[in-house]
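# Survey of secondary and tertiary structure
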Amino acid sequence: MKLMGKLLVIILCQILILFSGCSQSSIIEIANKTEPGDRLTIAGKVVDDKGTPIANAKLFFYQANSHGEYESTFLGMPSFARLRGTVYSDKQGNFTLLTIIPGNYPGEPDGKHIHVVANAKGHKEWRFEFLFEGSVRESLRKEIAIKNDGMILSPTLGNSGTWHVNALIKLAKNNPK
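Throughout what follows, the structure given in this document is the object of discussion. Because the structure is a prediction, the values reported are computed rather than measured.

## Quick word on the overall build of the protein
Check the secondary structure of the protein and you find two helices and 12 strands. Written out in order from the N terminus, the α and β elements of the protein read α-β-β-β-β-β-β-β-β-β-α-β-β-β. Here the protein holds 177 residues, and 40% of them are scored as buried. Expressed as a percentage of contacts within the protein between residues at least 6 apart in sequence, the contacts between residues at least 24 apart total 61%.

Listed below in structure tokens is the structure:
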């Protein structure tokens, strides 16, 4: 039932976008239902450094498939990630990403991640990764803390078989000149 509700929300949002002339949605599905892998829903919120929600923040996501491969080609040459997309936060700073849990890169024992580029008017762009608890070695945890280029998420498995997690993205304001 929850899945039907989510699908209905996505369909209604797409209809509103189509008829409103608006090209921005706070919900994006970058891995459709036929994509192999464990389903994942990230419910996020974008705020400034004081915790105030940021409306219309632009979030670009890209990731590997469940085998850890980006597998996109252009004219037979490796290109960009096939699983990718852009979403905009709503008036309360909320967004939803519907995808799969990515696999580790081939030959790598850990490091499942989703790349994120977040920016909003009047705020500094933040490029980082959503990483997943259980696939992050200690040395990488230390590197993330020093560089501020990652966020470790701990999804929980819902009754529908989909993993769920919340994410809070804090964007620093630009310094006035």
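## Looking at the side chain of Thr-99
With respect to the helices, strands and loops of the structure, Thr-99 is situated in strand E7 (residues 94-100). Ignoring any residue separated from it by four or fewer positions in sequence, one finds Thr-99 in contact with Ile-30, Ala-31, Asp-38, Arg-39, Leu-40, Gln-63 and Ile-114.

## Focus on the packing of aromatic side chains
Across all of its chains, the model carries six aromatic pairs by this definition. When the ring of Trp-126 is compared with that of Phe-128, the centres are 3.9 Å apart and the planes differ by 25°; the resulting orientation is stacked. Residue Phe-128 is classed as buried on the basis of its relative accessible area, which comes to 3%. Between Phe-128 and Phe-130, the ring centres sit 5.5 Å apart and the planes meet at 80°, which makes this aromatic pair edge-to-face. Both residues of the pair, Phe-128 and Phe-130, belong to the buried class.

## A look at the pattern of salt bridges
Following the criterion strictly, the structure yields seven salt bridges and no others. Across the salt bridge formed by Glu-133 and Arg-141, the nearest N and O atoms sit 2.3 Å from each other. For Arg-141, a relative accessible area of 26% corresponds to the partly exposed category. Between Arg-141 and Glu-138 there is a salt bridge; the shortest N-O distance is 3.9 Å. Separated by three residues within a single helix, Arg-141 and Glu-138 lie in helix H2 (residues 138-147), roughly one turn from each other. Here the salt bridges share partners, and the residues they tie into one network are Glu-133, Glu-138 and Arg-141.

Cut-offs used in this document
Residues numbered from 1 in each chain as written. Predicted model: local features only at pLDDT ≥ 70, side-chain atom pairs only at ≥ 80, totals over all residues. Heavy atoms only, no water. Helix = DSSP H or I, 4+ residues; strand = E, 2+ residues; numbered from the N terminus. Buried < 20%, exposed > 50% of the residue type's maximum accessible area, 1.4 Å probe, protein only. Contact = heavy atoms within 4.5 Å. Phe/Tyr/Trp six-rings, centres within 6.5 Å; stacked < 30°, edge-to-face > 60°. Salt bridge = Lys/Arg side-chain N within 4 Å of Asp/Glu carboxyl O.

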